[in-house]
Amino acid sequence: MSYKILLKGFILTMIIIVATQGASCQIPGSAGQNSIPDVTPREAYNRLLNTSIEIAYLDTMISLSNWDQSISMPPNATEYRAKAQSYLVDQENKKWIDPEFGRLLSIANNGSNWSTIEAANIRLWNRDYNKKIKLPPDFVARESKMASLSQAAWEEAREKNNYSVFQPHLKAMVELNKEKARYLGYEEHPYDALLDDFMPGMTVDKCDKLFDVIKPQTIELIKKIKESNETAIQNIYGNASYPEDKQGEFTKNITSSLGYDYGSGLMVKTNRHLSTYSIGAHDVRTSLRYEEHNPEDAIMTAIHEGGHGIAYQRIPDEYYGMPIGTDPGMDMAEAESRLFENNLGRSRAFWEYWLSQMKKKFRPEIDNVSLDDMYRHTNRLNISPIRLDADEVSYILHIIIRYEIERDLFDGKINVEDLPMIWSQKYKEYLGVDITDDKNGILQDVHWAAGYFGYFTAYALGSMNAAQLEAAMRRDHPDLDQRFASGDFSIPATWMQEHMYKYGAIYDTPELMKKTTGNEAEAYDFLNYLNSKYKKIYNFK
Ligand SMILES: [Zn+2]
């Protein structure tokens, strides 16, 4: 399965934290606002844009270095590379926290008659600048140190299969993030500040409303699937060997047909992390893994990561260097990938075309596989204690469990000491799964060890947004399935470009969803998508 962390941006976040340890941060006061400005708001904007472009160049080289590190850097290069990279990140951070940046921003804030793009850039500069200066340098240093200790403890705890090794570190990470939420500020719930950091505009209130509807209905759907008489073939690929080069050619055919531009992107084999990096204009890099006996893994990962890549490749060129030259948030980035992977890549019409192509490519291995076999196999239920092994239905419950735990931790309703018990209770209650050990339970994800609280929720919201986007796309293109069946896969990327990609980060995800689909993320389309699909596959009412 391909529910991978989209590393883009978040590795950067971590390195920025590391690098600021040594930075001599001057917090700009309000002097800039009181003194007589020597430049007009327009000139201030232009200077901010120049700095923004320089920051983007540094970002490009840092991302390229990250990519190299995750794909091909020799292991002995780690130490020196960390220093070089830290220097670049430090340079970038100095530009951000330069008092002159704050002064120019306050001048630009007094301007008027900005275009939509300019106004969005100013809004995002303010947002990011304020976040950076709100966090005191000593806090940033403490967080960075604690995050690396905590990740080491998490690894040791996993090795020993013992949560108690990790527990004090997790407690410290939660306390640090409570402190962070206080610095960043929030209106209702401390967890709002953390959600907003990954998904601007998202709150506990919004998530609660969505998940309160989705949780019981998903549990009910799983029950119906389990009770149905239809069963999916667990392994349609047998024990045959599916050569890597053929898998590579096949995944390239699929992703190209969906709109991934190989002139502006690479998909490269790795044995390390799977991820997609947006390096800069016309430069997207994805790493893939090939399983010899199971081509599904590479195919679905390529479609998912390809969905991220297509979105980055289609951000307008002129946005690069501007803060709008990215996605609006993780909840949109994950929607862009999940739309392709799940809603489209696991549809019957999609396989109506690709199964016949696949048979030709891997002859005679899957000659006897029917379209129904493939469709059902691609949408088989896999109730597991492990999030990354889960199917698309039960996956949502894995996320809701993590969301509820994070929310209640930051509300002070529960303590880290009780987490293994709470984890087991929720897995039993929502998924009927017995958690037998820490490694396959609470220690399975690195997110909390790295201090990523609020990140998981984006996976679920991404699925909801994807269903809503699919429904809107199908309203505009009722013939989508016929086109797919005949081998034409051009509509989704073209439609997404017209409605989503072309805006970059001009709008937050909730605003953009409202603009395109009429509503912010809501439960209806997602539940409708799951229910109608699984009802057909598993033949229940
Ligand atoms: Zn992703």
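See the structure printed just above.
Let me sum up the structure you'll find in this document. This one's a predicted model, so the numbers in the text were calculated from it and none came from an experiment. (Residues numbered from 1 in each chain as written. Predicted model: local features only at pLDDT ≥ 70, side-chain atom pairs only at ≥ 80, totals over all residues.)

## Some details on the sheet that holds strand S3 (residues 283–288)
Here comes step 1: Strand order in this open sheet of three strands is S1-S3-S2, and the pairing throughout is mixed. The open sheet is flanked by strand S1 (265–269) and strand S2 (276–280), the only strands paired with a single partner. The mean angle between the axes of side-by-side strands here comes to 20°, regardless of whether they run parallel or antiparallel.
Here comes step 2: Sheet analysis places S1 next to S3, joined by five bridges and oriented parallel. What sits directly across from Met267, in S3, is Thr286.
Here comes step 3: Strands S1, S2 and S3 of the sheet are contacted by helix H3 (residues 41–71), whose axis makes an angle of about 145° with S2.
Here comes step 4: Helix-sheet contacts for helix H12 (residues 295–313) involve S1, S2 and S3, and the interaxial angle to S3 is about 170°. (Pairing = 2+ DSSP bridges. Helix = DSSP H or I, 4+ residues; strand = E, 2+ residues; numbered from the N terminus. Axes fitted to C-alpha atoms, helices over the stretch in contact; angles between N-to-C directions. Contact = placed C-beta atoms within 7 Å.)

## Quick word on the pairing of S2
Here comes step 1: Of all five residues in S2, four are buried; the element is thus mostly enclosed.
Here comes step 2: Two elements, S2 and S3, share four bridges in a ladder whose sense is antiparallel. Across the sheet, residue Ser278 finds its bridge partner in S3, namely Val284.
Here comes step 3: Once S2 ends, the chain turns through two residues before running back antiparallel as S3, passing His282 with a positive phi of about 55°. (Buried ≥ 20, exposed ≤ 12 C-beta atoms within 10 Å, placed from the backbone.)

## Description of the packing of H3 against helix H4 (residues 78–97)
Pairs of packed helices are described in terms of their axes, by the angle between the two and the distance that separates them.
Here comes step 1: Between H3 and H4, the least distance of the axes is 10 Å, while the angle of their chain directions is 160°. When the axis of H3 is compared with that of H4, the two are roughly antiparallel. Judged by the twist between their axes, the crossing of H3 over H4 is left-handed. Residues Thr51, Glu54, Ile55, Leu58, Asp59, Met61, Ile62, Ser65 and Gln69 of H3 form the contact with H4, whose own contacting residues are Arg81, Gln85, Leu88, Val89, Gln91, Glu92 and Lys95.
Here comes step 2: Residue composition of the contact of H3 with H4, by class: six nonpolar, five polar and five charged. (Parallel < 35°, antiparallel > 145°, perpendicular 65-115°, else oblique. Left-handed = near helix turned anticlockwise from the far one by under 90°. Nonpolar A, V, L, I, M, F, W, Y, C, P; charged D, E, K, R; others polar.)

Honestly, it's all geometry; don't read function into it.
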